[in-house]
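# Report on the structure
In case you want the letters, here they are:
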Amino acid sequence: MKKIIKDILRSLLLYSFEKKLSLFKILFQILFLIIISSFNLNKIFKNKKKIIFLSHQRFRGDVEVINKKFCGLIIPYFLQTFFLFLAFNTEKKIEISNFFSKSNKEYKFGREKLRTLLCFYLIPVLKLLKVKIIISPSIHYIQDIDIGIAGKMKGINFLIFHRENLTIIPNQIKALVNLYSQFDKINLDLVIFHNEKTKEIFLKSKLLNTNQTMVLGGLRMDDFLKNLNHQNNGKIISFFSFHKISSIPIDINNRKNKIDRFKKQKKGWNKLWDDMHIMFFELAKNNPNKEFILKTKWGGSWISNIENLWMKKFNKKSLPNLVLTSDLNTHDIINQSKLVLAFNSTVLLEAGLRKIPVFVPDFYEVNTLNKYVLHKYFPECFIKLKNMYHLENAIKDKSLKFFPTKKIMQKRRYFFKKYVNPLEKNLKSGYFSIIKKYLLSKN
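What counts as what
Residues numbered from 1 in each chain as written. Predicted model: local features only at pLDDT ≥ 70, side-chain atom pairs only at ≥ 80, totals over all residues. Heavy atoms only, no water. 1 Å grid on protein atoms, 1.4 Å probe; cavity = no way out; pocket = protein on both sides within 12 Å on 5 of 7 lines; lining within 4 Å. Points joined across faces, edges and corners; volume = space filled by probe spheres on them. Helix = DSSP H or I, 4+ residues; strand = E, 2+ residues; numbered from the N terminus. Nonpolar A, V, L, I, M, F, W, Y, C, P; charged D, E, K, R; others polar. Expected span 1.5 Å × (residues − 1). Buried < 20%, exposed > 50% of the residue type's maximum accessible area, 1.4 Å probe, protein only. Arc of directions from axis to C-beta. Contact = heavy atoms within 4.5 Å. Pairing = 2+ DSSP bridges. Axes fitted to C-alpha atoms, helices over the stretch in contact; angles between N-to-C directions.

This part is about empty space enclosed by the protein. Which parts of space are left empty comes out when a probe the size of a water molecule is rolled across the atoms. Evaluated as defined, the whole model comprises 1 cavity of 30 Å³ or more. A volume near 30 Å³ is recorded for the largest cavity. For the largest cavity, the full set of lining residues is Gln80, Phe83, Leu84, Leu114, Leu118, Ile142, Gln143, Asp146 and Ile147. The set of elements that each furnish at least two residues to the lining of the largest cavity consists of α4 (77-88), α6 (105-121) and α8 (145-153). Of the residues forming the lining of the largest cavity, the biggest block, 3 residues, is contributed by α4. Looking at the lining of the largest cavity residue by residue, the classes come out as 6 nonpolar, 2 polar and 1 charged.

Here it is in structure tokens:
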């Protein structure tokens, strides 16, 4: 039934577009206005210049920070993907290497059609709402980029606050430079990165020029960095989850099927993933008087795969003292933690700024796939586990309160600044001045 309704809507929208039927155009614009308004009831009628956030759920707290000072709206994800369906008539995953390719004529034509449809139906609605800036969290989100470009065609500024900024492994850097060098040029105003390393990838690919790039650090890091000197009285034992191909480059040009990050991989963290998630559950079960949190980067299949693993092993998928979540704020968890367990994530270096023990696995595929392991680039910063039983011993080891040493903390800060984010505080002011500049600009 849902598919039938979408097909009917698609046919009506394309027909009214091709025939330039003004009445239908207005009716559909009213429909889109109602949809957007229903997600922004407390801001939609404010007589202010506004920001629109695309893929808002991927900003991980930045939207809330920005909205304390500015008037930001969100577009529901289903509306963004509906326009893709409208232009390409498919609900299957579209590979970014094809979608953005400067040599793929089929997708270049499809994207031109998409932008024309957006200019016909959606962008006038954004203009009516006084939207002056469109912001996306990534340069390669297919549901975002053409909305931004279409908006810029009609006088709305297009910015990207790029979220994916931990790229250290040489093969990974090479793969990304190759990927972005195949992209068609993107008509935008500015891309803000967290660090120079990530910016270099885009400049090497020649997708962006220096005038389109800036390094300001991560907006969500601001409060975290300001609160680092607060005494740590954390009691939670935290595990920041990873997926089975974390930091392992994928040959995007030879992919035939959608990648399932949680099924057994030919080259992946298979045994490591299973064992760490099983043993963390067992650890919580054996220590009912302690609090445990297992944090995933996103929900959906990530959460369900962990629950299925636990159900298969223990015949239960939850414990009173174990929270499995994708929603809790990463920095709040770190600040409340007694110790942190993580793998192939910026969380290692973020948690490393706190004077607490941070553990990394050093077993199973970590040895056979060592060239894809991030923590080897941060030597002597973290405690290596030879198996998960060592973590249970560590929980009871009172000597851990003396770890890390001053020397280790200096190393952690050095690597954080090099690979993640500047250590300077008050990052908000840099972001806010950029937003203010584009809100006041006349296109």
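With 12 residues, helix α9 (residues 170-181) should reach 16 Å at 1.5 Å per residue; the first-to-last C-alpha distance of 16 Å fits that figure. Among the residues making up α9, those that are buried are Gln172, Val177, Leu179 and Tyr180. Viewed end-on, α9 has its buried residues packed into an arc of 165 degrees, placing them on one side of the element. Those residues of α9 that are exposed and aimed more than 90 degrees away from the buried face are Pro170 and Lys174.

Between the first and last C-alpha of helix α1 (residues 2-18) there are 24 Å, a value that for 17 residues agrees with the 24 Å anticipated at 1.5 Å per step. Looking at α1, one finds that the buried residues are Lys6, Arg10, Leu13, Leu14, Ser16 and Phe17. One side of α1 carries all its buried residues, which in axial view fall inside an arc of 165 degrees. In this structure, the buried side of α1 is in contact with α2 (22-38), α4 and α6.

This paragraph deals with the sheet that holds strand β12 (residues 383-385). Pairing is parallel in the open sheet, where 6 strands are placed in the order β9-β8-β7-β10-β11-β12. Each edge of the open sheet is held by one strand with a lone partner, namely β9 (322-325) and β12. Across this sheet, the average inter-strand angle for adjacent strands is 25 degrees, counted without regard to direction. Judged from the 5 bridges that link them, strand β7 (residues 236-240) and strand β8 (residues 291-295) form a sheet pairing that is parallel. If you follow Ser238 over to β8, its bridge partner there is Ile293. Across the sheet, helix α12 (residues 270-286) touches β7, β8, β9, β10 (337-341) and β11 (358-361), and the angle it forms with β8 is around 155 degrees.

As a further point, take the side chain of His194. Its location among the elements puts His194 in the loop between β5 (190-193) and α10 (196-205). In this structure His194 comes out as buried when scored by relative accessible area, which is 9%. With sequence-adjacent residues up to four places away left out, His194 is seen in contact with His162, Arg163, Asn165, Val215, Gly217, Gly218, Val420, Asn421, Pro422 and Tyr431.

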